[in-house]
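Tertiary structure, described
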Amino acid sequence: MGAPGGHVTDIQDYPFPAPAALEPPAEWAELRERCPVARVRLASGDEALLLTRYDDVKELLSDPRFTHHLVAEDAASLTANESGGVFASGDGASVRGEAHREWRKLIGKAFTARRVSALQPGIEATARRLVDEMVERGAPADLVSALGFPLPVWVICELLGVPDSDRDRFAYWSDTLLSLTRYSQEEIDAAQAEFAAYMREHVAARRATPGDDLISELITLVGALDGRVTEEVVLMTAKGLLVAGHETTANMIGKMVAMLLADRSRWERIVADPALVRTAVEECLRHDANFGFGIPRYISEDVEIGGTTLAKGSTVVCSLSAANRDESAFEDAAGMDLTRSPNPHLIFGAGPYACLGQSLARTELQTVLKVLVERLPTLALAVPAADLRRREGLLVGGLERVPVTW
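Residues numbered from 1 in each chain as written. Predicted model: local features only at pLDDT ≥ 70, side-chain atom pairs only at ≥ 80, totals over all residues. Heavy atoms only, no water.

The subject of this paragraph is the pattern of salt bridges. Enumeration over the complete set of coordinates arrives at 19 salt bridges. Linking Arg 39 and Glu 47 is a salt bridge whose minimum nitrogen-to-oxygen distance equals 3.2 Å. You can call Arg 39 partly exposed: its relative accessible area is 24%. Residue Glu 47 is classed as partly exposed on the basis of its relative accessible area of 45%. A salt bridge links Glu 283 to Arg 286, with the nearest nitrogen and oxygen atoms 2.9 Å apart. (Salt bridge = Lys/Arg side-chain N within 4 Å of Asp/Glu carboxyl O. Buried < 20%, exposed > 50% of the residue type's maximum accessible area, 1.4 Å probe, protein only.)

As structure tokens, this is what we get:
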């Protein structure tokens, strides 16, 4: 693939390996500099194009003509298996075109600031309870299993009206739906069948006995749309939100705390000035070098991005984490500035398909950081940051464990 400036890049395997859990692959800076539209080979063996510059990623994500519905015959397969449609965003993956626009409107009506605001006291109470339980068990503790995973599961279960007693089942189903190379096709198919049966039963129960939850509200809204958005869309929405609503935030809690403790002066600064919580969360989101695969787009017509024509039929991967470290968009992009404002990072995407749950994710992350800073001001990593290990083989990035002491 020709690149601006006349350079040509050899095809590289993607995702790129990272030198350490919290560090970015060297390829990002190299590609932003010399080949912002790069050829890559995916886990499936298919080829795609990779965007790494901030302006290019934002421009493509903001273009309403292109979505992540990779259903065309010439679209690249992202993974070594056919995961069945729930890509990491949970963004109505089974609906397209006008039906997708209706779906976005529907979720926008249900996923309101009022609903998120109403969840905040429960989020804080649950965070405090989980931290207290972690302290009772004693140090060292794994922040991921003690807090990072159970809190977002509680939140999404509360939102959807499903019992969080099933959270271990949710974790397994979620991982299989987001498998890049970790699970076999047989394991994925079996898990999806279980997940679908579970959610159909839940949707049917809520239809019979509505509650004060998102699924009940979606059922009511769908009924008012005269069949334009079907029950299958309600089911896919429930599944997508259950995956995206806990997986990405659970991973981010662990990464956020690890980033802040890797250089403990960052943590001490927030302890001294808790008003920094909001901007610190945004900077952790921007600085995250382990977001995961990125956001794919299928190019249904020729489009020029950054001086390069992306040909019709191309599959393009937008690397949000690489874009968020672009020096042309952020001063000292490789460093962390806990006061950075404004901070127009792209971790939630951009344009008409930006993440619908971003206000909920922000509320959870800010609440967790506030509670930890207040409750455990002496929190520290129990191992060197270099010893942290990434979760591998999934479309979303995370850390296996974050051992902490206090």
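Now that the structure has been shown, the text picks up again.
Quick look at the confidence of the model for the protein chain now. For the protein chain, per-residue confidence averages 87 on the pLDDT scale, and residues scoring 70 or more make up 89% of the total. In the model, residues 1–8 has pLDDT below 50 throughout and makes 17 contacts with residues more than four positions away in sequence or in other chains. With pLDDT under 50 throughout, residues 84–94 is counted as low confidence; its partners more than four residues away or in other chains account for 36 contacts. (pLDDT = per-residue confidence, 0-100. Contact = heavy atoms within 4.5 Å.)

The space that makes up the largest pocket amounts to roughly 470 Å³. For the largest pocket, the lining is made up of 31 residues, of which Pro 15, Phe 16, Asn 290, Arg 390 and Glu 392 are closest to its centre. Each residue belonging to the lining of the largest pocket can be placed in one class, and the counts come to 19 nonpolar, eight polar and four charged. (1 Å grid on protein atoms, 1.4 Å probe; cavity = no way out; pocket = protein on both sides within 12 Å on 5 of 7 lines; lining within 4 Å. Points joined across faces, edges and corners; volume = space filled by probe spheres on them. Nonpolar A, V, L, I, M, F, W, Y, C, P; charged D, E, K, R; others polar.)

Taking burial as the measure, the eleven residues of helix H12 (residues 277–287) include ten buried ones, the bulk of the element. Val 277, Thr 279, Ala 280, Val 281, Glu 282, Glu 283, Cys 284, Leu 285, Arg 286 and His 287 are the residues of H12 that are buried. (Helix = DSSP H or I, 4+ residues; strand = E, 2+ residues; numbered from the N terminus.)

On to empty space enclosed by the protein, then. The tally for this structure, following the rule as stated, stands at two cavities of 30 Å³ or more. Approximately 40 Å³ is the volume found for the second largest cavity. Forming the boundary of the second largest cavity are Ala 21, Leu 22, Lys 255, Met 259, Asp 288, Ala 289 and Asn 290. Looking at the lining of the second largest cavity, its residues break down into four nonpolar, one polar and two charged.

Where helix H4 (residues 113–137) contacts helix H6 (residues 150–160), the axes come no closer than 10 Å and their chain directions differ by 145°. In the packing of H4 onto H6, the handedness of the crossing is right-handed. The residues of H6 that touch H4, namely those facing Arg 115, Leu 119, Gly 122, Ile 123, Thr 126, Ala 127 and Leu 130, are Pro 150, Leu 151, Trp 154, Val 155, Glu 158 and Leu 159. Residue composition of the contact of H4 with H6, grouped by class: nine nonpolar, two polar and two charged. (Axes fitted to C-alpha atoms, helices over the stretch in contact; angles between N-to-C directions. Left-handed = near helix turned anticlockwise from the far one by under 90°.)

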